[in-house]
Amino acid sequence: MTQTNNIKVLVTGGLGYIGSHTVVELQNAGFNVVILDNLSNSTIDVLEGITKITGITPDFYSLDLRSKEDIKPFFKTHSDISGVVHFAASKAVGESVQKPLFYYQNNVTTLINVLQELKSIECQNFIFSSSCTVYGEADSLPITETSPIKPAVSPYGNTKQISEEILRDICVINRKFKTVALRYFNPIGAHSSGYIGELPLGVPQNLVPYITQTAIGVREQLPVFGDDYPTEDGTCIRDYIHVVDVAKAHVVALNRLLNSQQESNYEVFNIGTGNGSSVLQVIESFEEVTNQKLNYKIVDRRLGDVTSAYADTTKANTILGWKARFSLDDAMRDAWNWEKKIRTKK
Ligand code: NAD
Ligand code: WQD
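Residues numbered from 1 in each chain as written. Chains lettered and ligands numbered in written order. Predicted model: local features only at pLDDT ≥ 70, side-chain atom pairs only at ≥ 80, totals over all residues. Heavy atoms only, no water.

S.K.: Whenever I open this one, the site of ligand 1 confuses me. Can you help?
M.R.: Not every one of the 27 residues close to ligand 1 is listed here, only the nearest: Asp-37, Asn-41, Ser-42, Asn-106 and Tyr-156. A distance of 2.6 Å is found between an oxygen atom of ligand 1 and a side-chain nitrogen or oxygen belonging to Asp-37. Separating an oxygen atom of ligand 1 from a side-chain N or O atom of Lys-160 is a distance of 2.9 Å. Summarising the interface, the protein chains cover 95% of the accessible area of ligand 1, which totals 820 Å² for the free molecule. Every element with two or more residues in the shell around ligand 1 is listed here: helix H1 (17-28), helix H5 (100-121), strand E5 (125-131) and helix H6 (155-173). At three residues, E5 tops the list of elements feeding residues into the shell around ligand 1. Looking at side-chain class alone, the shell around ligand 1 contains 12 nonpolar, 11 polar and four charged residues. (Near = heavy atom within 4 Å. Polar contact = N/O pair within 3.5 Å; in protein donor to acceptor, adjacent residues only side chain to side chain. Areas by Shrake-Rupley, 256 points an atom, 1.4 Å probe, with all protein chains shown as cover. Helix = DSSP H or I, 4+ residues; strand = E, 2+ residues; numbered from the N terminus. Nonpolar A, V, L, I, M, F, W, Y, C, P; charged D, E, K, R; others polar.)

Given below as structure tokens:
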């Protein structure tokens, strides 16, 4: 076991959806967490949520990773950072098509800026948020880490591929620098306390917040994008994973880095449940755990959607020693609990 008490970990984007849940798990595991976030897709209230759950307020710096000048003094002061979990990025696929330059700058330039600073403080343990989007429409299912990377269909997806390549190149030239890239499938749900969760700006692009917003009355009806896919019920299949399970994978990965347990200094793991669920199955789960009917309607397919994507998690289960514990029903219950909490707060 790692003695975590004095180990300082930087979490970029730590007030965001996955970042905040990871900060909770890192603090629960005894790490000393510092968050750097520019609040472009999160709010300062999240800090309070983390404090309520863990009893610890992490150090927080409101800084934009695009600005080299702004972040330099931060890394000078925190030259004792032992590891970095890098979440900060923009993630809206559709928006990335409209604003490619912004996405390359906010996702790729920021990564380079962080890596340059880490070089100067000799921090060599890095965890990167990658995505199942790198696999595109996979040739076979379930998707293993050796499945081919497909040409990206959006600038967002491309930023994940480029970022992985940058990290791989660095690991080749600097054998001491260690990276774990975690390819998340579809993170959903919220902390069971209801103190932190997903905060989508405007109309949600993702399925689960759209479901909960429809059920609470913020949206009139959920559009189900296509029921003519070659799947059992005609709707697309994804690997929906509870965000707390995703968060816990980071703690395990960080310990692996700190204990130098890696087989190679650049490793990639799928982070999913290994189970695929269709859109209609997700709706069914929501209806069952909340005991209510959801207003939904089948509409045309959405451009760019792949038919099926779910993970082979053997590598993460055996080598990383991590496994998803929560069910789809658990995640839907927690997502609904969170939706109700945020609406009653306003
Ligand atoms: P999020 O938007 O909730 O969190 C990202 C955080 O980074 C936000 O708090 C935002 O304010 C911050 N940020 C963005 N740009 C920044 C900058 N220039 N400087 C400092 N902070 C900045 O997103 P999330 O869902 O928590 O995703 C976290 C990471 O995981 C991202 O890299 C995302 O691409 C990746 N990912 C997410 C999903 C998903 O479905 N949520 C799936 C796969 C991969
Ligand atoms: C899931 C399913 C939709 C909304 C996205 C990103 C991907 C990764 C994970 C970051 C699909 C259907 C959705 C709605 C619907 N993120 N749907 N009605 O598309 O698998 O992946 O998040 O890396 O890069 O693209 O997730 O939640 O948008 O959609 O019918 O209103 O729900 O068609 O089948 P997706 P999603």
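S.K.: Help me out: how do you make sense of the state of the cysteines in this one?
M.R.: Simply put, the disulfide is a covalent bond whose two ends are the sulfur atoms of two cysteines. Scanning all chains against the criterion turns up zero disulfides. The structure places no disulfide on Cys-123, whose sulfur is separated from the nearest cysteine sulfur, that of Cys-171, by 12 Å. Relative accessible area serves as the criterion here: at 4%, Cys-123 is assigned to the buried category. Here Cys-132 is not cross-linked by a disulfide; its sulfur's nearest cysteine counterpart is in Cys-236, at 12 Å. On the basis of relative accessibility, which here comes to 14%, the residue Cys-132 falls in the buried class. (Disulfide = S-S within 2.5 Å. Buried < 20%, exposed > 50% of the residue type's maximum accessible area, 1.4 Å probe, protein only.)

S.K.: Would you take a moment to explain H6 for this structure?
M.R.: Each α-helix turn comprises 3.6 residues. Residues three or four places apart therefore point the same way. If you check H6, its first and last C-alpha atoms are 27 Å apart, about what 19 residues at 1.5 Å a residue would give, namely 27 Å. Taken together, the buried positions of H6 are Pro-155, Tyr-156, Gly-157, Thr-159, Lys-160, Gln-161, Ser-163, Glu-164, Ile-166, Leu-167 and Cys-171. Those residues of H6 that are buried are in contact with helix H4 (93-98), H5, E5, strand E6 (178-184) and strand E11 (266-271). (Expected span 1.5 Å × (residues − 1). Contact = heavy atoms within 4.5 Å.)

S.K.: Even after reading the chapter, I still don't get the pairing of E11, so can you show me in this structure?
M.R.: For a regular strand, side-chain orientation follows a simple rule: the groups alternate between the two sheet faces. Counting buried residues along E11, six of its six residues qualify, which places the element largely inside the surrounding structure. Of the two faces of E11, the one carrying Tyr-266, Val-268 and Asn-270 and the one carrying Glu-267, Phe-269 and Ile-271 are both buried. Note that E6 and E11 share six bridges and pair parallel. Bridging across to E11, Ala-181 finds its partner in Val-268. (Pairing = 2+ DSSP bridges.)

S.K.: I'm lost on the site of ligand 2 in this one. Help?
M.R.: Neighbouring ligand 2 are 19 residues, the closest being Ser-131, Tyr-156, Pro-223, Arg-238 and Asp-305. For ligand 2, an oxygen atom lies 2.6 Å from a polar atom in the side chain of Tyr-156. Against a free-state accessible area of 690 Å², the protein chains account for coverage of 87% of ligand 2. Looking at the shell around ligand 2, the elements that each hand over two or more residues are helix H7 (207-216) and strand E8 (222-225). Take the shell around ligand 2: its biggest share by element is four residues, from E8.

S.K.: What is the right way to look at the sheet that holds strand E9 (residues 237-238) in this model?
M.R.: In a beta sheet, neighbouring strands pair by backbone hydrogen bonds and run either parallel or antiparallel. Spatial ordering of the open sheet is given by E12-E9-E14, a layout of three strands whose pairing is mixed. Each end of this open sheet is capped by a strand with a single partner; those strands are strand E12 (277-278) and strand E14 (308-309).

S.K.: Help me out: how do you make sense of the pattern of salt bridges in this one?
M.R.: Two side chains that carry opposite charge are able to pair once their charged atoms sit near each other. Within this structure, the stated rule accounts for 17 salt bridges. Put simply, Asp-139 and Lys-150 hold a salt bridge, and the shortest N to O gap is 2.8 Å. You can see Asp-139 sitting in the loop between E5 and H6 and its partner Lys-150 sitting in the loop between E5 and H6, a full 11 residues away along the chain. Through salt bridges that share partners, Glu-164, Arg-168 and Arg-183 make up one connected network. (Salt bridge = Lys/Arg side-chain N within 4 Å of Asp/Glu carboxyl O.)

S.K.: For this particular structure, what's the right way to read the sheet that holds E5?
M.R.: With respect to topology, seven strands assemble into an open sheet ordered E3-E2-E1-E4-E5-E6-E11, the strand pairing being parallel. Strand pairing shows two members of the sheet lacking a second neighbour, strand E3 (59-62) and E11, which therefore form its edges. Across the sheet, the mean angle separating the axes of adjacent strands is 20° when strand polarity is ignored. For strand E1 (residues 8-12) and strand E4 (residues 81-86), the ladder comprises five bridges, and the chain directions are parallel. Directly across from Thr-12, in E4, lies its bridge partner His-86. Where H6 meets the sheet, it contacts E5, E6 and E11, and its direction lies at approximately 155° from that of E5. Seen against the sheet, helix H8 (residues 243-258) touches E1, E4, E5, E6 and E11 and runs at an angle of roughly 165° to E6. (Axes fitted to C-alpha atoms, helices over the stretch in contact; angles between N-to-C directions.)

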